[in-house]
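Structure assessment
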Amino acid sequence: MLHYNLRYLLEIKGIANPYNFLIKLGLTPNVATRSLNGKVTQLKLNHLSSICRALHCTPNDLMEWEDDGQEPLPDNHPLQALVREQLPLNIRGQLRELSFDQLKEVRSLITRLKESENNQNNR
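This one's a predicted model, so the numbers in the text were calculated from it and none came from an experiment.

Describing helix α3 (residues 29-36)
- Those residues of α3 that fall on the buried side of the exposure criterion are Val31, Ala32, Ser35 and Leu36. The arc that holds the buried residues of α3, viewed along the axis, is 125°, so those residues lie on one side.
- Just past α3, the residue Gly38 takes up positive phi, approximately 75°.

Put into structure tokens, the structure is as follows:
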């Protein structure tokens, strides 16, 4: 079954107050609450666009595919790209456990990833 997983993405992006974040993007309080509780079944395109711009992501990043017990998807089905491995949510806590040298490596990796993305966008 395909569904939005906004709370998870907001958490791994480090958004401290997801509800206020969504309200500031123009979602109504009801839609923001339902989105964070995994109960939203549709989003207006302008809201989807605002969320993607603010989080630097695509609509696919906001969606997730979970097996619904019906016929399983073949491995080559395009929806398999939306089967998510759950990353640890406490990234800040993990960073606190790293040594200074390891943090420098993380910073270097982030810089390289951003440069790579910028190079791809400039093509």
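Focus: unusual backbone geometry
- For His56, which is not glycine, the phi dihedral falls at a positive 55°.
- On the secondary structure map, His56 appears in the loop between α4 (45-55) and α5 (59-62).
- Take His56: its relative accessible area is 57%, and that puts it in the exposed class.

Section: a nonpolar patch on the surface
- Taken together, the side chains of Ile91, Leu95 and Leu103 present a nonpolar region at the surface, about 200 Å² in accessible area.
- Along the chain, Leu95 turns up in helix α6 (residues 91-96).

A word on the nonpolar core
- Membership of the largest hydrophobic core comes to 21 residues, with the highest contact counts inside it found for Tyr4, Leu22, Leu27, Leu43, Ile51, Leu55 and Leu62.
- A per-element tally of this core places α4 first, with four residues.

About the criteria used
Each residue is numbered by its place in its chain's sequence as written, counting from 1. This being a predicted model, a pLDDT of at least 70 is required before a residue's local features are given, and a value of 80 or more before pairs of side-chain atoms are given or counted; all residues contribute to the totals for chains, interfaces and linings. With hydrogens and water stripped out, all remaining heavy atoms of the structure feed into the side-chain values. Working definition: with a 1.4 Å probe on protein chains only, accessible area under 20% of the residue-type maximum means buried, over 50% means exposed, and in between means partly exposed. Counting from the N terminus, the helices are DSSP H or I runs at least four residues long and the strands are E runs at least two residues long. The reported arc concerns the directions from the helix axis to the C-beta atoms and nothing else. What goes into a patch is any residue over 30% in relative accessible area without a salt bridge, connected to like charges within 9 Å or, for nonpolar side chains (Val, Leu, Ile, Met, Phe, Trp, Tyr), within 5 Å. Reported accessibility uses the Shrake-Rupley method at a 1.4 Å probe radius. Residues are deemed covered only where the shown protein chains occlude them. When a carboxyl oxygen of Asp or Glu is within 4 Å of a side-chain nitrogen of Lys or Arg, the pair counts as a salt bridge. The set of buried Ala, Val, Leu, Ile, Met, Phe, Trp, Tyr and Cys residues whose side-chain atoms join them within 4.5 Å is what this entry labels a nonpolar core.

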